[in-house]
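Listed here are the chains, written in short residue letters.
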Amino acid sequence: MYNMETILEEIMIKTLNQSAEKFMEEGEYEQAKRMYFNALRLSEKLVEGDEDKFLPLVAKIYKSIAIMYEEVNVYDLAIKYYKQAISIDKKIEVDLEKISNSYFALGNLCRRDFRYKDAEQYYTKALNIFLDLPVSKAHNVENKVLNIYHQLSIICSAMGKVQETKDAYMNILNIYKDLVCDENDLYKPELAMVLFNLGTLYFKNKRRNKSAEVYLFALELLLYLDSKDSHSYKDMIAHTLHNLAQIYTEQLDYPAALSAYKEALNHFIELADENPSKYGSEVALVFKNLASFYRQQNRMDLAKYFHLRQIELYRELNHYNDSSYDFILASAIIEGVEHYGQHSITLYEAEAILYSYEDKMQVEKVLEKIFMLREEMSFI
């Protein structure tokens, strides 16, 4: 039986928590903070008299304080109070799923604060708890497990951990294979995105055969989804086709490469019509790769044509984007002299652009190439 003072303090704690929640809803964070810490002080006092009864209350307030600091982007303190809540939850043997949710919240905080190594650690702890839950609860946490794998794929990719990123994607695919069905499109957009990301991971790491295999699965699904909602999938379709074109070129499958380049270009042009500042550079990149594609086959008329289209487009993009494409334009002009038979006098334009470019270390190597080209030309 508790004395009157304890009962009154319990009532005060409840009232303080309710007031803090109300202030949180209204965005009055300083007032909420004051209420939460008053409630915490009283709760910690009650713990001294009955630890079993009042420790869960302290853990709950810690989580509320963590969420408050998360709302105002004070990540260090949010992480601190989540950790303290987890420490108590472990001590009182609270439901494991709740502890996992707290680890997941910690992972999200660290990810937002670019602490990717810590984020990976907390996501992994959350994941291990979820995977060890009894089969009877497994279905309830399936979406949470998917979410953790998605977050792991993002942070492992950001850290350059290729194998870990691939493992995350493969685990996601393993779950989706049981969720996706022909009659229901519910999970197909997520599946398409994972396949696209996995194909891109293989592509960036020079695993061209695996990349092409995964991209083709992704493309089939993306084209199906595009037929339902064309606005949402053109970007991924265009990038998939463009990367496939480059793979086919490396494999010397020129007809397949040309077909993929043409389709990619059509999609990028459509996207550029809607958003020229974002997709104009993608069109220019396709022109660049088409120039290289035709040069590889010694079809120099077409190679020169697409190279010049690339330069024209970068000049136009520069006009609307305040010289944002200076460096890439200068590099394209130099490529014109080096590979596409352009007159060496155009090197003066590239040189002038480079001298006004801010990144002097990056410019120095390109200027050296200009000087070498001039020297080579002087002997022709």
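Residues numbered from 1 in each chain as written. Predicted model: local features only at pLDDT ≥ 70, side-chain atom pairs only at ≥ 80, totals over all residues. Heavy atoms only, no water.

### A word on the side chain of His267
Tracing the sequence through the fold places His267 in helix H13 (residues 254-274). Exposure remark for His267: the relative accessible area of 14% places this residue in the buried category. (Helix = DSSP H or I, 4+ residues; strand = E, 2+ residues; numbered from the N terminus. Buried < 20%, exposed > 50% of the residue type's maximum accessible area, 1.4 Å probe, protein only.)

### Examining a nonpolar patch on the surface
Taken together, Met4, Ile7, Leu8 and Ile11 make up a surface patch of nonpolar side chains, about 380 Å² in accessible area. Looking at the secondary structure, you find Leu8 in helix H1 (residues 4-25). (Patch = residues over 30% accessible without salt bridge, like charges linked within 9 Å, V, L, I, M, F, W, Y side chains within 5 Å. Areas by Shrake-Rupley, 256 points an atom, 1.4 Å probe, with all protein chains shown as cover. Salt bridge = Lys/Arg side-chain N within 4 Å of Asp/Glu carboxyl O.)

### A word on the packing of aromatic side chains
Scanning all chains against the criterion turns up 15 aromatic pairs. Aromatic pair Tyr254 and Phe293: ring centres 5.7 Å apart, planes at 75°, arrangement edge-to-face. Within this pair, whereas Tyr254 is found in helix H13, its partner Phe293 is found in helix H14 (residues 276-296), the two being separated by 39 residues in sequence. Classification of Phe293 as buried rests on a relative accessible area of 1%. Between Tyr294 and Phe306, the aromatic rings sit 5.8 Å apart at their centres with planes inclined by 10°, giving stacked as the arrangement. Of this pair, Tyr294 sits in helix H14 while Phe306 sits in helix H15 (residues 300-320), and the two are twelve residues apart along the sequence. By relative accessible area, which is 12% here, Phe306 ends up buried. (Phe/Tyr/Trp six-rings, centres within 6.5 Å; stacked < 30°, edge-to-face > 60°.)

### Points about the packing of H13 against H14
Packing of H13 against H14 leaves a shortest axis separation of 8 Å and a crossing angle of 160°. If you check the angle between H13 and H14, you find them roughly antiparallel. The interaxial crossing formed by H13 with H14 has left-handed handedness. Here Tyr254, Ala257, Leu258, Tyr261, Leu265, Phe268, Ile269, Leu271, Ala272, Asp273 and Glu274 of H13 come into contact with H14, specifically with Pro276, Tyr279, Gly280, Glu282, Val283, Val286, Phe287, Asn289, Leu290, Phe293, Tyr294 and Gln296. Taken together, the residues of the contact of H13 with H14 break down into 17 nonpolar, three polar and three charged. (Axes fitted to C-alpha atoms, helices over the stretch in contact; angles between N-to-C directions. Parallel < 35°, antiparallel > 145°, perpendicular 65-115°, else oblique. Left-handed = near helix turned anticlockwise from the far one by under 90°. Contact = heavy atoms within 4.5 Å. Nonpolar A, V, L, I, M, F, W, Y, C, P; charged D, E, K, R; others polar.)

### Quick notes on unusual backbone geometry
Although it is not a glycine, Lys206 sits at a positive phi angle of roughly 65°. In this structure, Lys206 sits in the loop between helix H10 (188-204) and helix H11 (208-228). What makes Lys206 exposed here is its relative accessible area of 63%. The phi torsion at Leu252 lies on the positive side, around 65°, for a residue other than glycine. With respect to the helices and strands, the residue Leu252 is situated in the loop between helix H12 (230-250) and H13. By relative accessible area, Leu252 is classed as exposed at 55%.

### A short note on the nonpolar core
If you look at the biggest cluster of nonpolar residues, it comprises 127 residues, and the most contacted ones within it are Ile65, Tyr103, Ile148, Leu152, Leu290, Ile334 and Leu354. The element that contributes the greatest number of residues to this core is helix H3 (residues 51-71), accounting for ten residues. For Ile65, the contacting residues outside a window of four places in its chain are Tyr36, Phe37, Leu40 and Tyr81. (Core = buried A, V, L, I, M, F, W, Y, C linked by side-chain atoms within 4.5 Å.)

### Digging into the side chain of Ser153
Positionally, Ser153 belongs in helix H8 (residues 142-158). For Ser153, a relative accessible area of 3% puts it in the buried group. Looking at Ser153, its side chain comes within polar contact range of the main-chain oxygen of His150, at 2.6 Å. Excluding its chain neighbours within four sequence positions, the residues that come into contact with Ser153 are Thr165, Ala168 and Tyr169. (Polar contact = N/O pair within 3.5 Å; in protein donor to acceptor, adjacent residues only side chain to side chain.)

### Description of the confidence of the model for the chain
With 97% of its residues at a pLDDT of 70 or more, the chain shows a mean pLDDT of 89. Across the chain, the secondary-structure element scoring lowest on mean pLDDT is helix H7 (residues 135-138), at 65, and the one scoring highest is H13, at 95. (pLDDT = per-residue confidence, 0-100.)

### Brief notes about the pattern of salt bridges
In total, this model carries 18 salt bridges according to the counting rule given. For Asp178, the salt bridge goes to Lys177, with nearest N and O atoms at 3.5 Å. Looking at Asp178, the relative accessible area reads 60%, which means it is exposed. Across the pair Glu250 and Arg208 runs a salt bridge, and its minimum N-O distance is 3.1 Å. Pair noted here: Glu250 is in helix H12 and Arg208 is in helix H11, with a separation of 42 residues, a long-range link.

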